Amino acid sequence: MIIPITCVVAIAVIAFILGVRPKDVPAPEPVSPFQHLDERKAAIYENLRDLQFEYRVGKLSDDDYQSTKKDLQKELARVLAEVDKLKNGAASQPAAAPPPPAKAVAPAGMVCPSCGAKFAQELKFCGECGKPMKVAL
Ligand SMILES: [Zn+2]
């Protein structure tokens, strides 16, 4: 009676692992598409550097160099276009809120130190009280 019980236990364990584990294990962290593209971009830049080096030391013919360079530049343009597309997509998402406009502090020369009047541009003299405005130099 031991073997059938062991089998049942083994099957139960396997069923438990197969049935429960996938739900318990969190989904793998999605790799940032930017990271993926950055890596590709870096690889292309590296290839271009290598290509230039090999051409300079005379390992490559002019034709080989030009055609490979063109291919790499085409690939690079594609990656950059993809990055742009992703960036534009991310910008339209509400999560990526733009930083609040830093307009809270008016620069010197726009607020009268005497009467506190505010102006849209720097003035030498206050338009309200006529006293000299402090202009930062
Ligand atoms: Zn004033």
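Residues numbered from 1 in each chain as written. Predicted model: local features only at pLDDT ≥ 70, side-chain atom pairs only at ≥ 80, totals over all residues. Heavy atoms only, no water.

### Considering the overall build of the protein
Quick reminder of the rule: Each helix corresponds to a stretch of at least 4 residues labelled H or I by DSSP, and each strand to a stretch of at least 2 residues labelled E; elements are numbered beginning at the N terminus. Between buried and exposed lies partly exposed: a residue is buried under 20% and exposed over 50% of the maximum accessible area for its type, with that area taken using a 1.4 Å probe on protein chains only. Working rule for contacts: check all heavy atoms of both residues, and any pair within 4.5 Å makes them a contact. The Shrake-Rupley method, run with a 1.4 Å probe, gives the accessible areas here. Residue values count only the displayed protein chains as cover.
Regarding its fold elements, the protein presents three helices and zero strands. Looking at the 137 residues of the protein, the share that counts as buried comes to 12%. Considering only residue pairs separated by 6 or more positions, the protein has 33% of its internal contacts joining residues 24 or more positions apart. When the accessible area of the protein is evaluated, it comes to approximately 11300 Å², of which 62% is carbon and sulfur surface.

### Details of the coordination of the zinc ion
Quick reminder of the rule: Donor atoms (N, O, S) are those found within 2.8 Å of the metal centre, with the cutoff raised to 3.2 Å for Na, K and Ca; water is not part of the atom list, so apparent gaps in a site can occur. Geometry is assigned from the angles between donors: four donors with all angles from 85 to 135 degrees make a tetrahedral site, four or six donors whose opposite pairs exceed 155 degrees while the rest stay between 65 and 115 make square planar or octahedral sites respectively, and everything else is labelled irregular.
Of the protein atoms, only Cys112 (SG), Cys115 (SG), Cys126 (SG) and Cys129 (SG) coordinate the zinc ion, at distances of 2.2 to 2.3 Å. Viewed at the metal, the four donor atoms of the zinc ion are separated by angles of 104 to 118°, and the geometry they form is tetrahedral. Look at cysteine 115 and you get partly exposed, because its relative accessible area is 42%. Looking at cysteine 126, the relative accessible area reads 4%, which means it is buried.

### Brief notes about helix 2 (residues 33-56)
To keep things clear, this is the line we draw: Expected helix span is given by 1.5 Å per residue-to-residue step, counting one fewer step than there are residues.
A rise of 1.5 Å per residue sets the reference length of helix 2, with its 24 residues, at 34 Å; its end C-alpha atoms lie 34 Å apart and thus fit the reference within 8%. Three or more residues of helix 2 are buried, namely Leu37, Ile44, Leu48 and Leu51.

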